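Single-letter residue listing:
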Amino acid sequence: MIELRGVTVRYGSTVAVDNVDLELPTGAIYGLLGRNGSGKTSLLSVLASYRKPSAGTVLIDGEAAFENPRLMRQTSFIRDTLDLSGSDRISTVFAVARWLRPGWDAEYAGKLLDLFELHPRERVGGLSRGERSMLGATLGLAGRAPLTILDESYLGMDAVARTLFYRELLDDYLAHPRTIVLSTHLIEEVAELFERVIIMDRGRILLHDETDALRGRGVTVTGPADLVTAFAAGHTVLGEHSLGTVRALTLDGRLDPDEIARGERDGLSFGPLGLQELFVHLTSQPRPLEASR
Ligand SMILES: Nc1ncnc2c1ncn2[C@@H]1O[C@H](COP(=O)(O)OP(=O)(O)OP(=O)(O)O)[C@@H](O)[C@H]1O
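The structure presented is a predicted model; accordingly, all values stated were derived computationally and were not measured.

**Points about the sheet that holds strand 2 (residues 14-24)**
In space, the 4 strands of this open sheet follow the order 2-1-4-5, with antiparallel pairing throughout. The sheet terminates laterally at strand 2 and strand 5 (63-64), the two strands that pair on one side only. Its contacts with the sheet put helix 1 (residues 40-47) on strand 1 (2-11), strand 2 and strand 4 (55-60), and the angle it makes with strand 1 is roughly 125 degrees.

Set out below in structure tokens:
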């Protein structure tokens, strides 16, 4: 179990992570979603022990993680910046990874390089943005760290490379179960990978749930405005659209099938809400002035 207790990250007067409590059972793929500046990288830096929180602690199986060499060897944090020297060859980066990561699988790393059409003699500085992302993905996957954190590390990849990466991630995770945390803006594209989703907003955890539970959460009701309005009474409305006399409301929560059947008899139509739409509805409330930048 990974536990965050009262974790706060401040940069001067900016509170990037605000007193977060989170319990993450190990052995799952987590998707961390949040708008720009919501605190994802700050939270992940603390989770990876790259940064000491301004307050609070991270415990892994009950042990404090920060400056704990044993736990740090079991944690891999891949950022899009990669933090590697441009003059190093990929082969040198792999040699360091082998030394750092007890679970490093050199054969698998080679297979991923072939898949991404990279060569061990290439220097990091000569790689394109997408190729750097591919190298990051290779380091993250072949490292087999019990806690692997990928912070938007595959953003530079094109659609083909991303698809290869998702397939490898899932296959390798099934063969070697571990805890993987992915932060992303490409929600629908990676939603199939996540077993659990964490949504951050303004430094806080807005929601943490199983992906399947979230898929059933949220419904769009469309029909004549007066009927839709009457149907929505007692529900939390996340969003609305109107066109002439037709109104569409997005409702939070799971609807009772009998209630849906009654609505359909009255001429209303119902549609599910995708994870991305749910995310947009939940995080698109106007920001208070003091939180705007
Ligand atoms: N080194 C820093 N110094 C000062 N403020 C910072 C620093 N790093 C982050 N911040 C601020 O902390 C807040 C959270 O930033 P963070 O990078 O954690 O968000 P994020 O969710 O990862 O954003 P994005 O999706 O845009 O990458 C933002 O307001 C950001 O400006």
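Having seen the model, we can carry on.
**Remarks on the site of the ligand**
Around the ligand sit 14 residues in total, of which Asn 36, Gly 37, Lys 40, Thr 41 and Ser 42 are the nearest. Within the contact set of the ligand, an oxygen atom lies 2.8 Å away from a side-chain nitrogen or oxygen of Thr 41. Between the ligand and the protein, one listed contact pairs an oxygen atom with a side-chain N or O atom of Ser 42 at 2.6 Å. Taken by itself the ligand offers 640 Å² of open surface, and the protein chains cover 65% of this. Elements supplying a minimum of two residues to the shell around the ligand: strand 2 and helix 1. Of all the elements, helix 1 adds the most residues to the shell around the ligand, at 3 residues.

**Description of unusual backbone geometry**
The backbone phi angle of Glu 117 is positive, close to 60 degrees, even though this residue is not glycine. Within the fold, Glu 117 resides in the loop between helix 4 (106-115) and helix 5 (129-142). What makes Glu 117 exposed here is its relative accessible area of 70%. Even without being glycine, Arg 144 reaches a positive phi, approximately 50 degrees. With respect to the helices, strands and loops of the structure, Arg 144 is situated in the loop between helix 5 and strand 7 (147-151).

**Some points on the packing of helix 4 against helix 6 (residues 159-175)**
Where helix 4 meets helix 6, the closest approach of the two axes is 11 Å, and the angle between their N-to-C directions is 160 degrees. Relative to helix 6, the element helix 4 is oriented roughly antiparallel. Two packed elements cross with a definite hand, and for helix 4 against helix 6 that hand is right-handed. When helix 4 is examined against helix 6, the residues Tyr 108, Lys 111, Leu 112 and Leu 115 are found in contact with a partner set consisting of Leu 164, Glu 168 and Asp 172. In terms of residue class, the contact of helix 4 with helix 6 is built from 4 nonpolar, no polar and 3 charged.

**Examining the domain arrangement of the chain**
For the chain, the assigned domains read domain 1 (2-212) and domain 2 (218-272). The centre of domain 1, based on its C-alpha atoms, is set 39 Å off from the matching centre of domain 2.

**Looking at the side chain of Ser 38**
Turning to its location among the elements, Ser 38 is positioned in the loop between strand 3 (29-34) and helix 1. In this structure the side chain of Ser 38 is engaged in a polar contact, spanning 2.7 Å, whose partner is the backbone oxygen of Arg 35. Once residues lying within four places of it in the same chain are set aside, the contact partners of Ser 38 are Ala 16, Met 200, Asp 201, Arg 202 and Gly 203.

Here is what the cut-offs are and how they apply
- Residues numbered from 1 in each chain as written.
- Predicted model: local features only at pLDDT ≥ 70, side-chain atom pairs only at ≥ 80, totals over all residues.
- Heavy atoms only, no water.
- Pairing = 2+ DSSP bridges.
- Helix = DSSP H or I, 4+ residues; strand = E, 2+ residues; numbered from the N terminus.
- Contact = heavy atoms within 4.5 Å.
- Axes fitted to C-alpha atoms, helices over the stretch in contact; angles between N-to-C directions.
- Near = heavy atom within 4 Å.
- Polar contact = N/O pair within 3.5 Å; in protein donor to acceptor, adjacent residues only side chain to side chain.
- Areas by Shrake-Rupley, 256 points an atom, 1.4 Å probe, with all protein chains shown as cover.
- Buried < 20%, exposed > 50% of the residue type's maximum accessible area, 1.4 Å probe, protein only.
- Parallel < 35°, antiparallel > 145°, perpendicular 65-115°, else oblique.
- Left-handed = near helix turned anticlockwise from the far one by under 90°.
- Nonpolar A, V, L, I, M, F, W, Y, C, P; charged D, E, K, R; others polar.
- Domains from an automatic or database assignment.

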